Amino acid sequence: MVVVGGGVTGAGVARDCALRGLRVLLVERHDLATGASGRNHGLLHSGARYAVTDPESAAECVGENHILRRIARHCVEPTDGLFITLPEDDLDYQRLFVESCHRVGIEAERLDPAEALAMEPAVNPSIVGAVRVPDASIDPFRLVASNVLDARLHGAEVLTYHEVVELLREGDRIVGVRVRNAATGEQREVYCRIVVNAAGIWGHLIARRAGVEIAMFPAKGSLLVFGHRVNHMVINRCRKPADADILVPGDTISLIGTTSKRISFDEIDLNEVTAEEVDVLLREGTKLCPSLATTRILRAYAGVRPLVADDNDPLGRSISRGIVCLDHAERDGLEGLVTITGGKLMTYRLMAERATDLVCRKLGITSLCTTATTPLPGSKEELKGASRRGRKEFLSLRAGEKGARGRHGDMAENIRFERSKDRALVCECEQVSVAEIRYAIESLNADHLVDLRRRTRLGMGTCQGHLCAMRAAGVMAEMRGDAEGALADVAGFIDERWRGVRPVAWGASLVEAQFTQWFYDGVCGLGDRNNDSDKKEE
Amino acid sequence: MKLEHKNISENNFEQCTKCTICTLYCPMVEVNPLYPGPKQSGPDGERYRLKEPMYYDEGLNYCLNCKRCEISCPSGVRIGDIIALAKVRNRKGLPTVRDMLLSSTVSVGSVATRMSGLVNRSLESERFRRGLESMVGIDHRHTLPRYAEESFEEWFRREAAEKQSCYSRRVSYFHGCYANYNDPALGRELVEVLNAVGYGVRLLEGERCCGMVKIANGRKERAMRDAKRNLVAIRRAVAEGDKVVATSSSCTFALRDEYQYLLGLDNEDVKDSITLITRFLFRQWERGNIKFAFREDFRMRVAYHSACHIERLGWAIYSTSLLRLVPGLELEMLPSRCCGMAGTYGFKRENYDYSQAIGRPLFDLIEASGAEVVATDCESCKWNIERSTSKRVMHPLSILAAALDMERTRELNGVMDK
């Protein structure tokens, strides 16, 4: 079977299928988690957000919330969340909210404002009410990489930077895909019994290539990344879901989001964040947490929600975030194609389970889904170790080892810190060592510097690539023996970082960006390099 | 909200543009690969510690608190403070016996001066120091400062206090533990010089240790208690129109900056009234408020070493300008380098080698210089340089006292001889 799409859904499907003994090929046109999977809040919803408006999604969320805390411990940080009521909000909504949560089995505990403030000092002190729910943060990049890693450990093959350009059809049956290698342009055909379309918003185009229509609904959501942890709990507004009303502490940073804007299919690859969106995010964000107004903003980014348009809601707010699993044989009379879409980052496992159940049914395989109980690679032990000894041991590690342990969980055992050079930091902001970079290149399908970012947090910190890009390129060039390729990668990496900084380029972030430019342009001569190639093209 | 407060976080840690110049200026980085360096220990590490305190890197304990990182920072990030606060937060349980001993400057000092003969003899004995090393971890190779037979305060009460009211102008003196217990001569010289230029001196009521060594040894609560008492005393003196002068650059720095940034005490009302004696004297001289008459036969070749905390204050210029007023004094500026001592840091067994390695280039420069005397405003630099080089080390005020013709100075300033 072939899974199209290296987002969280595709990765989850590939893993589930591999665990059930299928021969799997995962095809992704860019890198893992480059679409909506890597462009979201990283929020492990308790389901509370949807309890009032979409109880079906809420119930899916709460179930998956409990499962992911067990199977993806290295990706999840159990922060808990607050739903706060501000003076301008209707406090009556809180009662409805708590009742709705309880109805679908979400723990929701009403707190008085003083308690909430003591629990989360960053929250707006003028709150009139708060409810505590089991929200958490989840690292989407790690989640995708871990699923892919486990799929590969169970025999799956993975082709990143390979685009599906055609679905091979024999009569009323899809029998394979034609893929194009993005680097070489080379094309090849892969035959299989079933293709699972897990391509997110691009699934619309994949379906179209197979000659079927799925009316999908691209809704762009923008977010801002703040320089450090401002809050320790997820902070939500206790009201009907609206713009910029969730602040998530994600790894070393805090994230405010999102906006929601309907866009056309021409725009789904642009991911531009506008000045108006930045305004809304900041204005609304400071209502949740006033200190955001004085916190350095690292960057802005946007993703496109792969919603399935089943009504004409112009803002895409009341649309169901429920899971859509389509058997195109049943729906369109086309055998060999399954589409799995809708859903959310955190219901990916359930989506994968439903798609894999369907695949197995179609192939006459009876093995059962085990992903709800089988931990992902890395999830075995908790970061700190519950024991005193575990704590002491963790404390005694050097920065690069701590960073690796925090990100890769028990898989960090495979990262070899043998020579002192292995401990040297490539990315100082995010404590990524030479050894971790090597591990990501060797074991986690990282082909480019931007992929290393998604595997390790390289360049995601305060300096946004200023210090680490060149060093990582050095490690990569050494391992691959390809200095030219690595150098070209640096330019791409820095350009990609700048794209995110530009919408919020003021204050210290602008100084940083300017400094980065001097460094790469002036000191490293990267600007000249680009100019030279421009001249050649002329 | 004022515009300048926008985007300014505590200790400016978000203002870091990752230029890494601080790491270049860090004396510890030069000698110790286990120290992550100020950038990584400070603003970088702080992000991880905010995420989860377990990311605290034990390598931070190597930080000298010299603040040279802060001096070098073009973005005004208080890197040293970020590190110092992280160390304090990470400290759990009681300090070790060694750290208690080293940081209890008042209790140890008051006992040691009473039995100074025995204490000094013991400290001179290598066997005793080896015992001290194996028992508590104070490196035996380091000579510990000698204790005086009589504290400065005792001398002052007996000999000087009464006469101070004859002067028309007055300052309060924060002597610090070193001048009080180890070098009362420095305190006596301060009184002599200030009296000669027409200033009466009084002590603060109930002066406590400035707290610098207590903060460095993880005893923030005790430091806080002392700091609050000192501020009460300083406020009283300032309210009565006094400037508060100190001879120790580190005490001065603690009273002015560490109180504000590390202890979180509001000292804004008195900060500008706390100053270093050399700065006070030079500025008074510059304004024509006081005059100096120097001995004609005075000759001295002096190399000035700017201690880390005077460097952070930006005040080395006052000490050197004062020294330059002395005819017959040849002044050589040593390149600004940490001597490695950093208060109690260099005494500790685990730090000794790093401390000496940091100081080595400075010691070599001192040996190679033509100077007879090294001048510095910091007592801990004085101990370290004296034991590590062949030169004598003096406080600039002591040099001034030696160079002044006291009788003529008193006349010039209209002070009647009693």
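So, how was this worked out
- Residues numbered from 1 in each chain as written.
- Chains lettered and ligands numbered in written order.
- Predicted model: local features only at pLDDT ≥ 70, side-chain atom pairs only at ≥ 80, totals over all residues.
- Heavy atoms only, no water.
- Helix = DSSP H or I, 4+ residues; strand = E, 2+ residues; numbered from the N terminus.
- Buried < 20%, exposed > 50% of the residue type's maximum accessible area, 1.4 Å probe, protein only.
- Contact = heavy atoms within 4.5 Å.
- Rg over C-alpha atoms; globule rule 2.2 N^0.38 Å.
- Patch = residues over 30% accessible without salt bridge, like charges linked within 9 Å, V, L, I, M, F, W, Y side chains within 5 Å.
- Areas by Shrake-Rupley, 256 points an atom, 1.4 Å probe, with all protein chains shown as cover.
- Salt bridge = Lys/Arg side-chain N within 4 Å of Asp/Glu carboxyl O.
- Lys, Arg positive; Asp, Glu negative; His and termini not counted.
- Charge placed at Lys NZ, Arg CZ, Asp CG, Glu CD.
- Buried area = accessible area lost by both parts, 1.4 Å probe.
- Polar contact = N/O pair within 3.5 Å; in protein donor to acceptor, adjacent residues only side chain to side chain.
- Domains from an automatic or database assignment.
- Nonpolar A, V, L, I, M, F, W, Y, C, P; charged D, E, K, R; others polar.
- Phe/Tyr/Trp six-rings, centres within 6.5 Å; stacked < 30°, edge-to-face > 60°.
- Lys NZ or Arg CZ within 6 Å of the ring centre and 35° of its normal.
- Pairing = 2+ DSSP bridges.
- Axes fitted to C-alpha atoms, helices over the stretch in contact; angles between N-to-C directions.

K.L.:
How would you summarise the overall build of chain A if you had to cite specific residues and measurements?
P.N.:
Tallying secondary structure elements over chain A gives 19 helices and 23 strands in all. In terms of overall dimensions, chain A has a C-alpha envelope of 60 × 60 × 55 Å along the principal axes. Out of the 538 residues belonging to chain A, those deemed buried represent 61%. Long-range pairs, those at least 24 residues apart, make up 72% of the contacts in chain A between residues at least 6 apart in sequence.

K.L.:
I'd like to hear about the overall build of chain B, residue by residue, with values.
P.N.:
Check the secondary structure of chain B and you find 23 helices and eight strands. Taken over the C-alpha trace, chain B has a radius of gyration of 21 Å; the compact-globule value for 418 residues is 22 Å, and the two agree within 12%. With the C-alpha coordinates aligned to their principal axes, the bounding extent of chain B is approximately 65 × 60 × 40 Å. In chain B, which comprises 418 residues, the share counted as buried stands at 61%.

K.L.:
Before we move on, can you summarise a negative patch on the surface with the specific residues and values?
P.N.:
Residue and element names in this part refer to chain A. There is a patch of like negative charges on the surface, built from Glu 107, Glu 109, Asp 112 and Glu 115. Residue position: Glu 109 is located in strand β6 (residues 109-111). Relative accessible area serves as the criterion here: at 41%, Glu 109 is assigned to the partly exposed category.

K.L.:
Break down the side chain of Asp489(A) for me, with residues and values.
P.N.:
Residues and elements named next belong to chain A. Structurally, Asp 489 is set in helix α17 (residues 483-501). Of the side chains bearing the opposite charge, Arg 480 lies closest to the buried Asp 489, which forms no salt bridge; the N-O distance is 6.4 Å. Those residues in contact with Asp 489 that lie beyond four places of it in its chain are Asp 447, His 448, Leu 449 and Met 476.

K.L.:
Break down the interface of chain A and chain B for me, citing the residues and quoting the values.
P.N.:
Opposite the 41 residues of chain A that make contact, chain B presents 29 residues. In terms of surface lost to chain B, no three residues of chain A exceed Thr294(A), Leu395(A) and Arg398(A), which account for 19% of the buried area on that side. The tally of links between chain A and chain B comes to three salt bridges. Here Glu428(A) ties to Lys39(B) by a salt bridge, and the two come within 2.5 Å at their closest N and O atoms. Our enumeration of links across chain A and chain B arrives at 17 residue pairs in polar contact (both at pLDDT 80 or more).

K.L.:
An account of the environment of Val324(A) is requested, with residue identities and associated values reported.
P.N.:
Residue and element names in this part refer to chain A. By secondary structure assignment, the location of Val 324 is in strand β20 (residues 323-327). In this structure, the C-alpha to C-alpha distance between Val 324 and Thr 339, residues 15 residues apart in sequence, is 7.9 Å. Excluding residues within four positions of it along the chain, Val 324 makes contact with Val 308, Thr 339, Ile 340 and Thr 341.

K.L.:
Break down the domain arrangement of chain A for me, citing the residues and quoting the values.
P.N.:
Residues and elements named next belong to chain A. Along its sequence, chain A is carved into domain 1 (2-34 + 141-215 + 321-363), domain 2 (75-137 + 221-298) and domain 3 (388-537). Distance between the C-alpha centres of domain 1 and domain 2: 33 Å. Three residues, Arg 142, Ile 201 and Trp 202, lead the burial of domain 1 against domain 2; their summed loss comes to 59% of the area buried on that side. Our count for the domain 1 to domain 2 interface comes out at two salt bridges. The closest approach of N and O atoms between Asp 251 and Arg 142, which form a salt bridge, is 2.3 Å. On inspection of domain 1 and its partner domain 2, the count reaches three residue pairs in polar contact (both at pLDDT 80 or more). Within the residue set of the side of domain 1 that touches domain 2, elements represented by two or more residues are α6 (140-153) and α7 (203-209). The element contributing the most residues to the side of domain 1 that touches domain 2 is α6, with three residues. Considering only residue class, the side of domain 1 that touches domain 2 consists of four nonpolar, two polar and two charged.

K.L.:
Which residues make up the packing of aromatic side chains, and what values go with them?
P.N.:
Both the distance between ring centres and the angle between the ring planes are used here to describe each pair of aromatic rings. With the rule as written, the count across this model stands at 16 aromatic pairs over all chains. Each ring, one from Phe515(A) and one from Trp518(A), has its centre 6.4 Å from the other, and the planes form 75°; the classification is edge-to-face. Taken as a pair, Phe515(A) and Trp518(A) lie in helix α18 (residues 507-523) at a separation of three residues, close to a single helical turn. Each ring, one from Phe152(B) and one from Phe156(B), has its centre 5.9 Å from the other, and the planes form 45°; the classification is tilted. Residue Phe152(B) and its partner Phe156(B) are located together in helix α10 (residues 152-160), separated by four residues, close to a single helical turn. In terms of burial, Phe152(B) and Phe156(B) fall into one category: buried. One aromatic cluster is present, formed by Phe152(B), Trp155(B), Phe156(B) and Tyr173(B) through successive ring pairs. The cationic tip of Arg78(B) hangs over the ring face of Tyr261(B); the distance from NZ or CZ to the ring centre is 3.5 Å. It is Arg188(B) that lies over the ring of Trp155(B); its NZ or CZ is 5.9 Å from the centre.

K.L.:
Can you explain the sheet that holds strand β1 (residues 2-4) of chain A? Please cite residues and give values.
P.N.:
Residues and elements named next belong to chain A. Taken in spatial order, the six strands line up as β9-β2-β1-β13-β21-β20 in an open sheet, and their pairing is mixed. Only two strands of the sheet have a single partner each, and these edge strands are β9 (157-159) and β20. Between one strand and the next, the sheet's axes are offset by a mean angle of 15°, whatever the strand orientation. Across three bridges, strand β13 (residues 195-197) lies against strand β21 (residues 337-342) in parallel orientation. Residue pairing in the sheet places Val 195 in a bridge with Leu 337 of β21.

K.L.:
Could you give an account of the domain arrangement of chain B, naming the residues involved and the relevant values?
P.N.:
Residues and elements named next belong to chain B. As far as domains go, chain B holds domain 1 (3-90) and domain 2 (300-403). If you look at the interface, domain 1 gives 17 residues, while domain 2 gives 16 residues. Buried area between domain 1 and domain 2, summed over both chains or domains, comes out near 1,300 Å², and the portion from carbon and sulfur atoms is 61%. It is Val 31, Leu 64 and Arg 68 that lose the most area in domain 1 upon contact with domain 2, and together they represent 41% of the buried surface on that side. Along the contact surface separating domain 1 from domain 2 lie two salt bridges. Of the charged contacts, one joins Arg 312 and Glu 70 as a salt bridge, the two residues approaching to 2.7 Å between their closest N and O atoms. For the side of domain 1 that touches domain 2, the elements supplying multiple residues, two or more each, are α2 (27-31) and α4 (68-72). It is α2 that provides the largest number of residues to the side of domain 1 that touches domain 2, a total of four residues.

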